[in-house]
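Analysis of the macromolecular model
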Amino acid sequence: MDLDVVLLSRLQFAMTVGFHFIFPPISIGLAWLLVIAEFLGWQKGDEDYVRIGKFFGKLFSLTFAVGVATGIVMEFQFGMNWAEYSKFVGDIFGAPLAAEGVFAFFLESSFLGLYLFGRNRVSKGVHWFSALMVAVGATTSAFWIIVANSWQQTPAGYVVRNGRAELTSFSEAVFNPSTLLRFFHTVDAALITGAFFMAGVAAYLLLKNREVPVAKKAMKLAVIFGLIVSLLELFPIGHEHARQVAHTQPEKFAAFEGLYISQSGAPLVLFAFPQERPPDLKATVEIPGLLSWLAFGDVNARIQGIDEFPADEIPPLFLTFVSFHNMAALGIYFILIMAWGAVQLVRNKLWGSKKLLRLFVWSIPLPVIACQFGWIAAEVGRQPWIVYGLLKTRDAYSFTVTGGEVLFSIVLFSLIYLLLGSLYLFLLVREIKHGPQTIRAEGVSA
């Protein structure tokens, strides 16, 4: 039986990246919440915020460690399974990855040690600064990774010479047309993830009636923070990012929105069942003209549909449409639940609202799932290109690697990730069940 090496290589990369991408959003979001909590604990002399910092700092460090381990595996695949891609973009792709390691990872990991073990050993200001540098390092790391990926989406600052893309302008490559909007969109999604993580854990403690003062302050911080960043993800960040895709990757935008025929006054599809062949939407719920207005500021603007593009350059329609719309639906859900939480907070009824608290607990994984949907929509929507307009995925794999070898690695990685994921969940749940009361036993420090 002949095995499709390209398909298997894509599946392996999707699996490794998808598993890795569970952890950075939690880490980045928690890091910035820890910056706020530690600052309040320091400036107010509030021991409850110090306990929040110590408790969630343990959960952050566990998540960070697993994220680092899975990220290393992911990067090795470029040279192993995608040799032709590496040859084509090595001159460009290597620079942001090197910058991520030198300027971001070492900053984050160095100050993480000071943050975790420096409490009571350094001044309160230095300790808070270490938390800030961890958050800055994590965010900077995300920036350089997004630079590399964004160049694949909207290449700039290069010239193709001797069958390779060579860098001509580092600044143009870094700040290509999609970098900043994709960075803000991704980081804000991480902040939402962190907010729901903290809110869910605090809700669990409140439902168990454990360490209530600490849980209340953690919940208050998470709800206020979460409402702000959830609103920002819709507007202006999400809106502007969608406009950027409409202008720079029109076939991806058409696949996102289920626009299969070019038209003026294009509707915004709220819900539909997509079918791939022939491209069509069933049971559609839509708002006429709204997509044209959102994308181009004119309800009568013409938007290119899938019908205008060559058949071999159209992305998979079903998966792109479903992933994008599920991500958007979850984004609306995040706003609604955080707004509900904020209203109950103002009314001083949040602590006794068991249904809402349970909803927060069960919502912990939803931002991670939304991040996965967003990544799938962005990457599948770029297909068949691995570098948009320059190199197709089918021409980028390692010709010397066999299908059997890739399949074996998929099975091996699946077993390792199953073990690693199970261990992470076990340790995470154990720490959450222990709760902040272990901090009280250790004594409180600011």
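Because the structure is a prediction, the values reported are computed rather than measured.

Procedures and definitions
- Residues numbered from 1 in each chain as written.
- Predicted model: local features only at pLDDT ≥ 70, side-chain atom pairs only at ≥ 80, totals over all residues.
- Heavy atoms only, no water.
- Pairing = 2+ DSSP bridges.
- Helix = DSSP H or I, 4+ residues; strand = E, 2+ residues; numbered from the N terminus.
- Buried < 20%, exposed > 50% of the residue type's maximum accessible area, 1.4 Å probe, protein only.
- Patch = residues over 30% accessible without salt bridge, like charges linked within 9 Å, V, L, I, M, F, W, Y side chains within 5 Å.
- Areas by Shrake-Rupley, 256 points an atom, 1.4 Å probe, with all protein chains shown as cover.
- Salt bridge = Lys/Arg side-chain N within 4 Å of Asp/Glu carboxyl O.
- pLDDT = per-residue confidence, 0-100.
- Contact = heavy atoms within 4.5 Å.
- Core = buried A, V, L, I, M, F, W, Y, C linked by side-chain atoms within 4.5 Å.
- Expected span 1.5 Å × (residues − 1).
- Polar contact = N/O pair within 3.5 Å; in protein donor to acceptor, adjacent residues only side chain to side chain.
- Phe/Tyr/Trp six-rings, centres within 6.5 Å; stacked < 30°, edge-to-face > 60°.
- Axes fitted to C-alpha atoms, helices over the stretch in contact; angles between N-to-C directions.
- Parallel < 35°, antiparallel > 145°, perpendicular 65-115°, else oblique.
- Left-handed = near helix turned anticlockwise from the far one by under 90°.
- Nonpolar A, V, L, I, M, F, W, Y, C, P; charged D, E, K, R; others polar.

**Structural notes on the pairing of strand S2 (residues 164–167)**
- Relative to S2, strand S1 (residues 158–161) runs antiparallel, the two sharing four bridges. Looking at the pairing, Val160 lines up with Ala165 of S2.
- Here S1 folds back onto S2 in antiparallel fashion, the turn holding two residues, of which Asn162 has a positive phi close to 55 degrees.

**Structural notes on unusual backbone geometry**
- Put simply, Arg277 and Pro278 share a cis peptide bond, and its omega is -10 degrees.
- You can see Pro278 is positioned in the loop between strand S4 (268–275) and strand S5 (280–287).
- Cis peptide bonds are those with omega within 30 degrees of zero, and the linkage from Gln383 to Pro384 qualifies with 15 degrees.
- Tracing the chain through its elements places Pro384 in the loop between helix H13 (366–380) and strand S7 (385–387).
- One non-glycine residue, Asn120, adopts positive backbone phi at about 70 degrees.
- Mapped onto the secondary structure, Asn120 falls in the loop between helix H4 (83–117) and helix H5 (124–153).
- When its relative accessible area of 58% is taken as the criterion, Asn120 is described as exposed.
- Positive phi, normally seen in glycine, also occurs at Asn348, with a value near 60 degrees.
- Looking at the element boundaries, Asn348 is found in the loop between helix H11 (317–346) and helix H12 (354–362).

**Quick word on a nonpolar patch on the surface**
- On the surface, Leu270, Phe271, Phe273, Val285 and Ile287 cluster together into a nonpolar patch covering about 460 Å² of accessible area.
- Among the elements of the structure, S4 and S5 are those that each provide at least two residues to the nonpolar patch.
- With three residues, S4 is the largest single contributor of residues to the nonpolar patch.
- If you trace the backbone, Leu270 turns up in strand S4.

**Things to note about the confidence of the model for the protein**
- Model confidence for the protein is summarised by a mean pLDDT of 91, while 97% of its residues fall at 70 or above.
- At the level of individual helices and strands, the protein shows its lowest average pLDDT in helix H15 (residues 437–442), which scores 47, and its highest in helix H7 (residues 179–207), which scores 97.
- Taken together, the stretch residues 438–446 has pLDDT below 50 and engages in 19 contacts with residues farther than four places along the chain or on a different chain.

**A word on the nonpolar core**
- Counting residues in each nonpolar core, the largest one holds 78 residues, and the members touching the most others are Ile52, Phe56, Phe60, Phe197, Met198, Met219 and Phe360.
- Sorting elements by how many residues they give to this core places H7 first, with 16 residues.
- One finds Leu8, Val89, Leu97 and Ile410 within the second-largest nonpolar core, a separate group that totals 23 residues.

**Focus: helix H1 (residues 5–20)**
- In this model H1 runs 22 Å from its N-terminal to its C-terminal C-alpha over 16 residues, within 8% of the 22 Å that 1.5 Å per residue would give.
- Every buried residue of H1 is listed here: Val5, Val6, Leu8, Ser9, Gln12, Thr16, Val17, Gly18, Phe19 and His20.
- On the buried face of H1, the contacting elements are helix H2 (23–44), helix H3 (47–80), H13 and helix H14 (403–434).
- Capping the start of H1, Asp4 holds a side-chain oxygen 3.1 Å from the backbone nitrogen of Val6, two or three residues further along.

**Notes on the packing of aromatic side chains**
- In this structure the tally under the stated criterion is 23 aromatic pairs.
- With centroids separated by 5.5 Å and ring planes inclined at 75 degrees, the aromatic side chains of Tyr85 and Phe93 adopt a geometry described as edge-to-face.
- Residue classification places Tyr85 among the buried positions, given a relative accessible area of 2%.
- Of the residues examined, Phe93 reaches a relative accessible area of 9% and is grouped as buried.
- Judged by centre distance (6.0 Å) and plane angle (65 degrees), the rings of Tyr333 and Phe334 are edge-to-face.

**What to know about the environment of Val368**
- Looking at the element boundaries, Val368 is found in helix H13.
- For Val368, a relative accessible area of 11% translates into the label buried.

**Structural notes on the packing of H2 against H5**
- Running from N to C, H2 and H5 cross one another at 165 degrees; their axes reach a closest spacing of 9 Å. Taken together, the axes of H2 and H5 are roughly antiparallel relative to one another. At the point where H2 passes H5, the crossing takes the left-handed sense. Side by side, H2 and H5 meet where Ile28, Ala31, Trp32, Val35, Glu38, Phe39 and Trp42 of the first sit next to Lys124, Gly125, His127, Trp128, Ala131, Leu132, Ala135, Val136, Ala138, Thr139 and Ala142 of the second.
- When grouped by side-chain class, the residues that make up the contact of H2 with H5 number 13 nonpolar, three polar and two charged.

**What about the pattern of salt bridges?**
- A full pass over the atoms with the stated rule returns 13 salt bridges.
- The salt bridge partner of Glu240 is Arg243, with a shortest N-O separation of 3.6 Å. In this pair, Glu240 and Arg243 both sit in helix H8 (residues 212–248), three residues apart, roughly one turn of the helix.
- For Glu240, a relative accessible area of 31% translates into the label partly exposed.
- Residues joined in a network through salt bridges with shared partners are Asp46, Asp48 and Lys217.

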